[in-house]
Amino acid sequence: MRITCPICGERDRREFYYVGDAVALERPDADAPPEAWHGYIHLRDNPCGVTRDLWYHEQGCAAWLVVTRNTATHEVLGVALASDEKGEAR
Amino acid sequence: MRIGGEGPIGRGRRIGFTFDGRAYQGLAGDTLASALLANGVRVMGRSFKYHRPRGVMTAGSEEPNALVTVGRGGLQEPNLRATQLELHEGLAARSQNRWPSLTFDILALNDLASPFFGAGFYYKTFMWPRAFWERVYEPMIRRAAGLGALSGAPSDLRVEKAWAHCDLLVIGAGPAGLMAALTAARAGADVIIADEDTRPGGRLNAETIEVDGVPGRDWAAEITAELSGMDNVRVMTRTTVTGAYDGGTYGALERLAPEVAARPGAPRECFWRIVARRAVLAAGALERPIAFANNDRPGVMMAGAVRAYVNRWCVSPGRSVAVFGNNSDAHRTVADLLAAGVHVSALIDARHDATCSLDVPFYPGAQVSNAHGRCGLEAVSILTPSGEEKIEAECLAMSGGWNPSVHLTCHMNGRPDWREDIAAFVPRPGAVPGLVAAGVARGDFSTRACLQGGVAAAREALTALGRTAPEIDIPGAEDSRYDITPIWSVPGRGRAWLDFQNDVTVKDVRLAAQENFRSVEHMKRYTTQGMAPDQGKNSNVNALAVLADATGRAIAETGTTTFRPPYVPVSIAAMGVGGRGKGFAPQRLTTSHELSVARGAPMIEAGLWYRPSYFPAPGESHWRQSCDREVLMVRNAVGVTDVSTLGKIDIQGPDAAALLDLVYANTFSTLKPGRVRYGLMLREDGHVMDDGTTARLGENQYLMTTTTAAAGLVMRHLEFVHQCLRPDWDVRMVSVTENWAQFAIAGPKSAELLNGLLDAPVADADWPFMSCGPVSVGGVGARLFRISFSGERGYELAVPARYGEALFRELVARAEPLGGGPYGMEALNVLRIEKGFITHAEIHGRTTAFDIGMGGMVSKAKDCIGKAAAARPGLSGEEREQLVGLKPVGTVKMLVPGAHLFEEGAEAVSDNSQGYITSAAFSPTLGHFLGLGFLRNGRARHGQRVRMVDHLKGVVAICEVQDPVQYDRDGGRMRG
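Residues numbered from 1 in each chain as written. Chains lettered and ligands numbered in written order. Predicted model: local features only at pLDDT ≥ 70, side-chain atom pairs only at ≥ 80, totals over all residues.

1. Brief notes about the overall build of chain A
Here's step 1: Scanning chain A from terminus to terminus reveals 2 helices and 6 strands.
Here's step 2: When its C-alpha atoms are laid out on the principal axes, chain A stretches across 40 × 30 × 20 Å.
Here's step 3: Across the 90 residues of chain A, 24% fall into the buried class.
Here's step 4: Excluding contacts between residues fewer than 6 apart, the proportion of contacts in chain A whose partners are at least 24 apart in sequence is 49%. (Helix = DSSP H or I, 4+ residues; strand = E, 2+ residues; numbered from the N terminus. Buried ≥ 20, exposed ≤ 12 C-beta atoms within 10 Å, placed from the backbone. Contact = placed C-beta atoms within 7 Å.)

This is the structure we're talking about:
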């Protein structure tokens with residue numbers, strides 16, 4: 001698998017550390033109800049198809065990346081800096 | 001035997017080698033198989049299950065029979081294919097799966113019992129008694145059946161790994177591959193062309209075909225020379241592309257030439273990962289056998305292999321050769337044999353309408369029904385339209401047609417398509433993104449079609465790469481039609497082999513179908529067809545054709561099993577190269593490492609780091625003596641220890657304080673510059689992640705300390721919190737763990753030691769407990785922190801790492817006159833247990849801040865990671881197991897980490913467990929064992945007694961529950 005880091009360019013997946021669904025970006029407010037925290041911490045979809053993952057370029061530039069890929073075809077559809085994605089959302 | 005001929009081998013020098021201890025001679029350029037054939041050796045192996053004598057069948061990596069072992073001990077390599085093993089001086093090969101010798105093998109008795117050994121035999125027979133399976137049946141079966149074996153010694157084979165990148169990877173260097181590479185190379189693309197043979201050319205090396213009016217092999221050499229001379233091309237011979245993976249990544253195994261591998265320090269193999277923007281699969285095809293009774297006799301070979309031995313290696317596999325086929329290749333074989341002066345005793349063509357222009361006994365519409373000669377073919381029986389005949393032959397060259405090598409196109413879950421006109425599977429376009437098949441691999445069988453196909457495939461790749469394909473003339477070559485009438489098995493009595501390597505016959509596949517293992521995947525597993533090292537290269541299509549026939553289905557409908565990487569066997573040593581020993585766990589050494597080792601300290605692993613366990617003094621023979629002395633040394637004088645392995649993260653920026661407030665449970669924005677604070681870090685699920693001290697070096701600069709184990713984890717976490725949660729914050733962080741060497745100086749005389757060393761003395765008024773700041777040591781800028789992990793007055797002095805060794809030497813030299821010295825991890829551990837300081841033994845991932853008695857540290861005034869989740873019911877309260885101190889008060893005076901705690905009268909079973917011990921040590925300060933552990937509602941149970949039971953070590957001790965801080969509870973010694 002190859003991931004194109006927006007900072008470093010195309011690299012082998014061995015340079016990256018995988019954490020899971022990009023839902024981790026959407027941290028609830030401190031006073032959010034327990035259901036919101038439960039969903040944020042524990043609940044993850046397991047889609048056959050397009051998914052958004054967080055990857056960390058640990059052996060590169062230390063950037064956190066949002067990788068959009070297809071779990072069925074393994075196609076990588078897009079890579080963005082998590083800080084950019086988060087910046088747009090805010 | 002060796003014959004005259006045009007093959008390049010004729011000019012080779014002589015090479016001595018041995019097979020099963022007997023000395024032979026071959027020629028440079030020989031494989032072990034061709035050299036053995038040249039010496040008249042016909043039996044090269046024994047079969048897997050029945051121990052049948054077997055001879056070489058093919059001339060390539062698909063060889064199922066001629067498997068040998070070379071080397072001894074850590075250099076022993078089993079199951080090497082004699083057809084690929086390059087002859088070199090001193091080669092000593094041994095046959096496998098036979099005893100006492102290859103020609104007389106006791107276990108050949110299995111062959112007589114074969115009526116009992118059909119498909120599913122083990123499943124049906126060794127059912128009862130159940131306990132016998134592992135202890136009796138399996139070891140017995142494993143001894144009786146098998147191929148080569150490893151020596152059992154750790155592997156000493158040198159293997160390397162490498163990466164390569166290219167625009168176009170061409171897999172296979174036959175006519176299609178060479179033309180594809182040439183086209184792309186002339187267009188300026190970066191090209192890698194890989195072929196598993198020792199020389200490019202593919203079938204051109206084995207045939208008498210002409211290309212562009214010259215012998216095919218000469219044309220291939222010319223093209224190879226042009227390619228090798230170009231800067232943008234890498235020609236990789238002896239390199240098998242083994243797998244296709246996501247993102248245009250391909251695995252490839254390169255075998256180095258024997259003379260190269262023999263150089264000092266050179267590897268035997270190299271495992272490549274090749275990243276290619278585009279790929280052309282020009283891997284050719286594998287010829288398939290025909291199943292008839294005793295078709296596994298030594299001397300029954302593939303027709304294409306016979307042509308290779310005759311044309312390339314100038315070896316005749318027998319004094320008289322019969323040829324049996326169902327396609328036009330049979331005639332080509334006869335022509336080549338006749339041209340080489342080999343006697344051809346019959347041409348048996350299964351096609352009824354076949355005609356023959358060659359001067360040999362010709363049997364159209366006939367089939368070979370049996371083979372005779374146990375240790376070497378003597379004759380074959382044939383069924384002709386007019387009856388049965390017996391024909392003498394020492395070799396039978398058979399061709400059941402060709403299977404395009406579709407394997408790589410199926411590695412990403414693709415399935416091949418059945419083509420009725422050539423009776424073969426061909427790759428489905430687009431099965432592997434970026435890869436196109438060309439030439440025979442695509443089902444184009446004539447040489448001219450291959451040359452054209454290679455150019456066309458390269459054009460397609462070049463277009464995708466945005467390059468313009470150059471004009472290329474397609475060389476002239478034969479363009480004959482491939483004509484085949486499928487024939488899978490010849491009816492008749494006797495066992496007819498499909499899978500030679502795993503001893504699977506037509507009868508076994510029919511039995512599987514009869515017992516309702518009708519799916520090709522079930523049949524495979526029931527019969528083990530295709531599960532040997534050749535992975536069914538020689539047998540898959542035949543077996544599923546037989547299955548299709550037995551189940552009354554079409555071949556396309558029956559389908560294939562799944563092709564998976566690797567295409568050829570790859571040793572674990574090659575695939576995992578670099579992953580052993582220090583490659584798996586690199587060593588991180590502190591600046592004091594050599595001095596510690598020189599003082600006799602045993603070094604223990606702490607993550608990837610190595611830290612001194614203890615420093616033995618003269619006369620000490622047990623670690624406890626050293627440890628006890630070091631503990632008392634720190635308590636009474638001064639000790640020095642290296643703490644550089646703790647993670648150090650430099651955090652800077654206007655929002656550094658805000659970041660720390662979010663990641664730590666407690667508050668850091670209120671910390672004054674020049675001060676240090678203990679911090680507790682939670683995971684978002686409310687459990688403790690890590691702890692450590694963080695110093696505020698300036699208004700906008702903090703230096704965070706993590707535990708040794710969690711340094712990487714915390715760094716990643718901080719970047720996550722910043723980039724993924726608060727990218728708007730202006731803050732940056734960097735790990736400086738390896739930039740600073742840091743030493744703890746602990747004990748009542750620590751200030752005295754420091755003041756002799758620092759350029760300006762430190763006074764308590766300026767340096768109270770938990771203060772920090774810059775100091776100078778011998779003119780070198782350093783950092784001093786007044787912190788303590790021992791419970792004594794303590795400092796940590798940090799210098800740039802290049803001064804670490806000198807500083808440690810100086811600290812120890814100055815400590816010794818004060819009655820002090822270095823101390824190791826054992827003493828460090830005792831000191832912290834006495835003080836109730838926690839490590840990852842306590843914050844092991846399932847404990848909360850409440851559990852360790854730090855619930856009050858979770859600030860109510862601000863949000864922090866883990867705060868919401870930590871407030872969940874069940875993560876605090878009486879039911880929780882809480883941190884306590886323990887000391888033995890019964891007759892047994894010992895505590896054991898990992899032991900569980902029970903009520904005094906309760907039975908020691910898991911349902912009754914009240915908690916467990918996490919850390920324990922003998923305290924020389926207090927004169928008895930001490931423990932830390934977790935006990936249900938433990939903080940309310942100080943003074944009570946519990947029973948500790950360690951079922952593993954058989955230790956039972958009555959303990960008293962007490963405060964985790966068991967020494968100097970008010971901290972007076974530490975604060976000074």
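2. So, the interface of chain B and chain A
Here's step 1: In this complex, chain B contributes 18 residues to the contact, which on the side of chain A involves 21 residues.
Here's step 2: Elements with a minimum of two residues in the side of chain B that touches chain A: α20 (711-725) and α24 (867-870) of chain B.
Here's step 3: It is α20 of chain B that provides the largest number of residues to the side of chain B that touches chain A, a total of 6 residues.
Here's step 4: Considered class by class, the residues forming the side of chain B that touches chain A number 7 nonpolar, 3 polar and 8 charged. (Nonpolar A, V, L, I, M, F, W, Y, C, P; charged D, E, K, R; others polar.)

3. Details of the sheet that holds strand β21 (residues 367-372) of chain B
All names here are of chain B.
Here's step 1: The antiparallel open sheet is built from 3 strands, whose spatial order is β21-β22-β23. The two strands at the open ends of the sheet, each matched to only one other strand, are β21 and β23 (387-392). In this sheet, neighbouring strand axes are inclined to one another by 25 degrees on average, regardless of whether the strands run parallel or antiparallel.
Here's step 2: Direction of pairing for strand β22 (residues 379-384) relative to β23: antiparallel, over a ladder of 6 bridges. Along β23, the bridge assignment pairs S381 with K390. (Pairing = 2+ DSSP bridges. Axes fitted to C-alpha atoms, helices over the stretch in contact; angles between N-to-C directions.)

4. With respect to the domain arrangement of chain B
Here's step 1: For chain B, the assigned domains read domain 1 (1-154), domain 2 (159-285 + 404-464), domain 3 (289-400), domain 4 (598-645 + 739-832), domain 5 (647-735) and domain 6 (877-976).
Here's step 2: A separation of 53 Å is found between the C-alpha centroids of domain 2 of chain B and domain 5 of chain B. (Domains from an automatic or database assignment.)

5. Description of the nonpolar core
Here's step 1: Counting residues in hydrophobic clusters, the biggest one holds 178 residues, and the most contacted among them are A180, V280 and L396 of chain B.
Here's step 2: Top contributing element to this core by residue count: helix α10 (residues 447-464) of chain B, with 9 residues.
Here's step 3: Other than its neighbours up to four places away in sequence, A180 of chain B contacts V170, V280, A282, A438, G454, V455, A457 and A458 of chain B.
Here's step 4: Y56 of chain A together with V631, A782 and I917 of chain B belong to the second-largest nonpolar core, a separate cluster that totals 122 residues. (Core = buried A, V, L, I, M, F, W, Y, C linked by C-beta atoms within 7 Å.)

6. Quick word on the packing of helix α19 (residues 656-663) of chain B against α20 of chain B
All names here are of chain B.
Here's step 1: Running from N to C, α19 and α20 cross one another at 110 degrees; their axes reach a closest spacing of 11 Å. Between α19 and α20, the angle is such that the two are roughly perpendicular. Read as a crossing pair, α19 and α20 show a hand that is right-handed. Residues L659, L662 and V663 of α19 touch α20, and the partners they reach there are H717, L718, V721 and H722.
Here's step 2: Its residues placed into classes, the contact of α19 with α20 shows 5 nonpolar, 2 polar and no charged. (Parallel < 35°, antiparallel > 145°, perpendicular 65-115°, else oblique. Left-handed = near helix turned anticlockwise from the far one by under 90°.)

7. A closer look at helix α22 (residues 804-815) of chain B
Residue and element names in this part refer to chain B.
Here's step 1: Between the first and last C-alpha of α22 there are 16 Å, a value that for 12 residues agrees with the 16 Å anticipated at 1.5 Å per step.
Here's step 2: For α22, the set of buried residues is G804, L807, F808, L811, V812 and A815. Taken down its axis, α22 places every buried residue within 130 degrees of arc, on the same side. Projecting away from the buried face of α22 at angles above 90 degrees are the exposed residues R809 and A813. (Expected span 1.5 Å × (residues − 1). Arc of directions from axis to C-beta.)

8. Here we look at the pairing of strand β15 (residues 269-281) of chain B
Residue and element names in this part refer to chain B.
Here's step 1: For β15, the tally of buried residues reaches 10 of 13 residues, placing the bulk of the element in the interior.
Here's step 2: Inspection of the sheet shows strand β8 (residues 159-171) paired to β15 by 12 bridges, in the parallel sense. What sits directly across from C166, in β15, is A276.
Here's step 3: As paired elements, strand β14 (residues 249-255) and β15 share 7 bridges and run antiparallel to each other. In the sheet register, E254 faces β15, and the bridge partner there is C270.

9. Remarks on the sheet that holds strand β50 (residues 955-962) of chain B
Residues and elements named next belong to chain B.
Here's step 1: In spatial order, the strands read β45-β48-β47-β46-β49-β50; together these 6 strands close into a barrel with antiparallel pairing. For this sheet, the mean angle separating the axes of adjacent strands, direction not counted, is 40 degrees.
Here's step 2: Alignment of strand β45 (residues 881-888) against strand β48 (residues 928-936), held across 6 bridges, turns out to be antiparallel. Bridge assignment links L886 to a residue of β48, and that residue is G931.
Here's step 3: Sheet strands touched by helix α23 (residues 825-835): β47 (915-923) and β48. Its angle to β47, the strand with the most contacts, is close to 120 degrees.

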